[in-house]
Amino acid sequence: MSLRVYNTLQGKKVEFQPLHPGKVGMYVCGVTVYDYCHIGHARANIVFDIIFRYLKYSGYDVTYVRNYTDVDDKIIQRANEREITCKQLSEEFIQAFDEDMARLGLQLPTVQPKATEHIDHIIALVERLIANGKAYASDGDVYFAVDSFDDYLKLSKRNLDEMQAGARIAPGEKKRNPMDFALWKMAKPGEPSWKSPWGEGRPGWHIECSAMGMEYLGESFDIHGGGKDLIFPHHENEIAQSEAATDKPFVKYWLHNGFVNVNKEKMSKSLGNFFTIRDILKSYDAEIIRFFILSAHYRSPIDFSDQNLKEARLGLTRFYEGLHAAAEMLAQCPDSDIQADDGDELEAKFREAMDDDFNTALAIGHLFEGVRTMNRLMATKKIRKKPEVIASLRALYTTFLKLGAVLGLFVSDPQQWLKQQNLAGLAELNISVEQVEGWIEERLQARKDKDFARSDEIRDELAAKGILLLDCAAGTTWKIK
RNA sequence: GGCUCCGUCGCCAAGUGGUAAGGCAGAGGCCUGCAAAGCCUUUAUCCCCAGUUCGAAUCUGGGCGGAGCCUCCA
């Protein structure tokens, strides 16, 4: 079974065959750096982080490019509001973005280019478009002539005539056709600008992604990704300006992730219903956020809510508790040469799920079944004298870590992770570890005295606070409910 | 208005023609001084209607409900 992906361009799942065998070029639209990132950005970047990881796991040599758009209307506006330079503003939020992504556990892309460092490439591309008769200069601006490109709107599957019917040229605009879009904008006083054949100016939105994509991946490459909201106009315009310049297909596979909703509504800056990554990280571990996002298919909408994140925490806790128990068990069991195929079976199911358009939700379902199998194996009586059971457990455990790494999950030490979750929960309850340990001591004494009434009373009191006491052979421990 | 998409158990969520994964919550059981965890068992015919088919949650048509894009947005 080979990899199949949903290609927005074709509107269906198709077999993935890279342009150059064994190699994949992938470009993902990064952020415009004028504000902190929200959970929607987290989703897009986590999704493509997984795609990057899975392609590498599948044996491809992947070049992953994710840009920073660091020149733009909103940056200029925000910088003016704060009375700092655009460069200061963009540098501040590039750093914030890098911090957020690092905390979310994302792998670094191969290249992270900035628009402002590719002005030469942008100008060259615009010149090429003018030379091809696909773009025209107009009083310091340069526009792409959508009429000149027959395939315009092939990605978003719209109708140019109908769109033109609703569009208008505003007074003062220098376009020939209301649907034409800017490739280059003349600088207004005080704006960042660069020298160009059309005078001082700056790139329009869209052109930087074409220029940087081609610069690092060639004039045609395999994958271009981003959020669904970028399909029109951003990606549509990228296709137009790139293919009109090179006369080659720009991108083979267009991949788009679904939105993060709040109360069934899209989270967006204009609605003001967004949560920043750094705020959420105050309450939830990064891996919980990742688990939450991967528990749905990347193209489906997901609803962001406290309840859903708590469920993600419960699910991830089940994995970590299983992995912790397995690690302890295996450390005590003798190794052997016996081979077990339990791990390979799990991995085959995992691949099948991921090969089907990166179905992480199904893959995680298989992993849940795997953890149940591990727990069942661990419940085997006299397990230490059953090398074949130990071999199965070891195979599963090893596979878990391997597959987890592909999803960016189970990357922490289980004991540490569980402890940290408990400590965080305890802090929320305003109870100290010393207090809990005191109660455990008292209860231990009561149990020694066979005063089970008092013993149970202590446990019930703690349970009412949200703390569970767990009796096991080694003593009594506790966890947050 | 145009163009996309979605509606699966109390909740989350896979499944795009072959007879409904998984998780959380619930019920019963094993285990336990009692618990917890874990394990076992158990809970849906897929928004409605009509059609195509030997067979549909999956295809077609109609309806109802929800979302997105068409302006910046992951």
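Above this note sits the structure.
Residues numbered from 1 in each chain as written. Chains lettered and ligands numbered in written order. Predicted model: local features only at pLDDT ≥ 70, side-chain atom pairs only at ≥ 80, totals over all residues. Heavy atoms only, no water.

### Section: the layout of surface pockets
Reasoning step 1: Approximately 1,500 Å³ is the volume found for the largest pocket.
Reasoning step 2: Looking at the lining of the largest pocket, the elements with two or more residues in it are α8 (277-283), α10 (306-332), α14 (414-429), α15 (433-448), β14 (467-472) and β15 (475-480).
Reasoning step 3: In terms of residues, the lining of the largest pocket owes the most to one element, α14, which gives 12 residues.
Reasoning step 4: Mapped onto the domain boundaries, the lining of the largest pocket takes at least three residues apiece from domain 2 (306-412) and domain 3 (431-480).
Reasoning step 5: Here the second largest pocket defines a volume of roughly 820 Å³. (1 Å grid on protein atoms, 1.4 Å probe; cavity = no way out; pocket = protein on both sides within 12 Å on 5 of 7 lines; lining within 4 Å. Points joined across faces, edges and corners; volume = space filled by probe spheres on them. Helix = DSSP H or I, 4+ residues; strand = E, 2+ residues; numbered from the N terminus. Domains from an automatic or database assignment.)

### Comments concerning the environment of lysine 134
Reasoning step 1: Here lysine 134 shows up in the loop between α4 (119-131) and β5 (135-138).
Reasoning step 2: Each C-alpha atom, one on lysine 134 and one on alanine 145, is 5.6 Å from the other, the two residues being 11 residues apart in sequence.
Reasoning step 3: For lysine 134, the residues in contact, after removing those within four places along its chain, are Leu129, Tyr143, Phe144, Ala145, Ser148 and Ala244. (Contact = heavy atoms within 4.5 Å.)

### Some remarks on the pattern of salt bridges
Reasoning step 1: Per the stated rule, a full pass over the model turns up 32 salt bridges.
Reasoning step 2: Between glutamate 81 and arginine 78 there is a salt bridge whose closest N-O contact spans 3.6 Å. Here arginine 78 and glutamate 81 lie together in helix α2 (residues 73-82), a separation of three residues that amounts to about one turn.
Reasoning step 3: Of the residues examined, arginine 78 reaches a relative accessible area of 24% and is grouped as partly exposed.
Reasoning step 4: Where lysine 282 meets aspartate 279, a salt bridge forms, and the shortest distance between an N and an O atom there is 3.1 Å. Taken together, the residues span about one helical turn, with lysine 282 and aspartate 279 both in helix α8 at a distance of three residues.
Reasoning step 5: Taking the relative accessible area as the measure of exposure, lysine 282 reaches 68% and is therefore exposed. (Salt bridge = Lys/Arg side-chain N within 4 Å of Asp/Glu carboxyl O. Buried < 20%, exposed > 50% of the residue type's maximum accessible area, 1.4 Å probe, protein only.)

### Focus on the sheet that holds strand β7 (residues 181-186)
Reasoning step 1: Read from one edge of the open sheet, four strands run β5-β6-β7-β8, paired in antiparallel fashion. Two strands close off the open sheet at either side, each with one partner strand: β5 and β8 (201-203). Averaged over all pairs of adjacent strands, the angle between their axes in this sheet comes to 20 degrees, without regard to strand direction.
Reasoning step 2: By the bridge criterion, four bridges tie β5 to strand β6 (residues 141-144) in an arrangement that is antiparallel. Residue pairing for β6: tyrosine 136 is matched across the bridge by tyrosine 143. (Pairing = 2+ DSSP bridges. Axes fitted to C-alpha atoms, helices over the stretch in contact; angles between N-to-C directions.)

### Section: helix α1 (residues 39-57)
Reasoning step 1: In this model α1 runs 26 Å from its N-terminal to its C-terminal C-alpha over 19 residues, within 8% of the 27 Å that 1.5 Å per residue would give.
Reasoning step 2: When you tally the buried positions in α1, you get 18 out of 19 residues, the bulk of the element. (Expected span 1.5 Å × (residues − 1).)

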